[in-house]
Amino acid sequence: MIEMTSPPPPLRRDLRIVERVPHEPRSHIIRDVVLRGWQHGGFRFSTDAVRLALQLDGIRTLAEIQQKWCASERAPIKLEPLADFVQRLSCLHLLETTRTMNLLNGLQRRFERLGYRPPAMANLAYPGNREALISELESCFAKAKTSVTSGKNIRGAFVPHAALQASGACAAHVYRSFSTASWPDTFVIIGPDHTRLNPKSAKLHPRGLVDLRPFVTPLGQVPVDQLLFNAFLNDLPPKKWT
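Residues numbered from 1 in each chain as written. Predicted model: local features only at pLDDT ≥ 70, side-chain atom pairs only at ≥ 80, totals over all residues. Heavy atoms only, no water.

(A) Looking closely at the nonpolar core. Ranked by size, the top nonpolar core spans 22 residues in total, and within it Phe45, Leu52, Leu82, Phe85, Leu89 and Leu94 carry the most contacts. Secondary structure elements with two or more residues in this core: β3 (43-46), α2 (47-53), α3 (62-72) and α4 (79-91). With five residues, α4 is the largest single contributor of residues to this core. Filtering out sequence-adjacent residues up to four positions away, Leu94 remains in contact with Pro10, Leu11, Arg12, Leu15, Ile30, Asp32, Phe43, Phe45 and Leu89. Counting residues in hydrophobic clusters, the runner-up holds five residues, among them Leu133, Cys140, Leu164 and Ala172. (Core = buried A, V, L, I, M, F, W, Y, C linked by side-chain atoms within 4.5 Å. Buried < 20%, exposed > 50% of the residue type's maximum accessible area, 1.4 Å probe, protein only. Helix = DSSP H or I, 4+ residues; strand = E, 2+ residues; numbered from the N terminus. Contact = heavy atoms within 4.5 Å.)

Laid out in structure tokens, this is it:
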């Protein structure tokens, strides 16, 4: 139960909040990718409810939050409905309660014990079956046009990373531009943290930001170039990561 005299836990920082503009009245979707996966459609809340949830900072009590809200908002809220709303967020594991954080830490430990990185978007952004994936990739490359840069030594390229059905043909157009002779041995992927599971990661050393375990795909495992990573790490100025 949510205590009235103690500050309620804050909203989890790894959640994704998406505004639903086309719908009336305007609403937001809070998506819990970590605990419920990408398949889950998320929880719909009104715009005011999301703004109220963002007031939970783990420092102020419910009374303090209610007082500030009523002073600055057109729609006042009483303390009891506010406590019921916070309790609902807690039951949905959307707050950083002890129980929810234990669940997240357990998932993190199980993930770290694996000797590989399991595919996160198989059967969602692309087929999880090898034969089906090859068939879709062949279809993407069949739609790709021959680039005027074919045969040249390409130093780099920007490639979309959406689902294959959405951007596969565009990505295939880029990869088709690489000649067989200049096909690179290593691809450098700049991937932002989509889940923000570790909110302190930005303050960590780069070695703590990169997972050196091989990536598992329906087409096989893809190893990480540890030599290139170490060379990159050694060239970074130490002041950037203090």
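(B) Structural detail: the packing of helix α6 (residues 130-143) against helix α7 (residues 164-176). Two elements in contact, α6 and α7, have axes separated by 8 Å at closest approach and are oriented at 60°. In this structure, α6 crosses over α7, and the sense of that crossing is right-handed. Residues Leu133, Glu136, Leu137, Cys140, Phe141 and Lys143 of α6 form the contact with α7, whose own contacting residues are Leu164, Gln165, Gly168, Ala169, Ala172, Tyr175 and Arg176. Split into classes, the residues belonging to the contact of α6 with α7 amount to eight nonpolar, two polar and three charged. (Axes fitted to C-alpha atoms, helices over the stretch in contact; angles between N-to-C directions. Left-handed = near helix turned anticlockwise from the far one by under 90°. Nonpolar A, V, L, I, M, F, W, Y, C, P; charged D, E, K, R; others polar.)

(C) Molecular detail of the sheet that holds strand β2 (residues 27-31). The strand order across the open sheet formed by three strands is β1-β2-β3, and the pairing between neighbours is antiparallel. Edge positions in the sheet fall to β1 (16-20) and β3, since each of these pairs with one other strand and no more. On average, each strand axis in the sheet is inclined to that of its neighbour by 30°, with strand direction left out of account. Where β2 lies against β3, four bridges are found, and the strand directions are antiparallel. Bridging across to β3, Ile29 finds its partner in Arg44. (Pairing = 2+ DSSP bridges.)

(D) Structural view of the packing of α3 against α4. The geometry of α3 relative to α4 is characterised by a closest axis approach of 10 Å and an angle of 115° between their N-to-C directions. When you trace α3 past α4, the crossing you get is right-handed. Within the contact between the two elements, α3 uses Leu62, Ala63, Ile65 and Gln66 and α4 uses Leu79, Leu82, Ala83 and Val86.

(E) Structural context of a nonpolar patch on the surface. On the surface, Phe141, Tyr175, Trp183, Phe187 and Ile189 cluster together into a nonpolar patch covering about 530 Å² of accessible area. Note that Tyr175 resides in helix α7. (Patch = residues over 30% accessible without salt bridge, like charges linked within 9 Å, V, L, I, M, F, W, Y side chains within 5 Å. Areas by Shrake-Rupley, 256 points an atom, 1.4 Å probe, with all protein chains shown as cover. Salt bridge = Lys/Arg side-chain N within 4 Å of Asp/Glu carboxyl O.)

(F) Region of the structure containing the packing of aromatic side chains. Under the counting rule described, the total for this entry stands at two aromatic pairs. Ring centres of Tyr175 and Phe187 lie 6.2 Å apart, and the angle between their planes is 85°; this geometry places the pair in the edge-to-face category. Residue Tyr175 is located in helix α7, and its partner Phe187 is located in the loop between α7 and β4 (215-217); the two are separated by twelve residues in the primary sequence. For Tyr175, a relative accessible area of 31% corresponds to the partly exposed category. (Phe/Tyr/Trp six-rings, centres within 6.5 Å; stacked < 30°, edge-to-face > 60°.)

(G) Geometry of the environment of Glu131. Examined against the element boundaries, Glu131 turns out to sit in helix α6. Residue classification places Glu131 among the exposed positions, given a relative accessible area of 53%.

(H) Spotlight on the pattern of salt bridges. All chains considered together, the criterion is met by six salt bridges. Across the pair Arg13 and Glu96 runs a salt bridge, and its minimum N-O distance is 3.1 Å. With Arg13 in the segment before β1 and Glu96 in the loop between α4 and α5 (98-113), the pair connects residues that are 83 residues apart, well separated along the chain. The closest approach of N and O atoms between Asp57 and Arg60, which form a salt bridge, is 3.1 Å. In this structure Asp57 comes out as partly exposed when scored by relative accessible area, which is 33%. With relative accessibility at 18%, the residue Arg60 sits in the buried group. Salt bridges sharing partners connect three or more residues here, namely Arg12, Asp14, Asp32 and Arg36.

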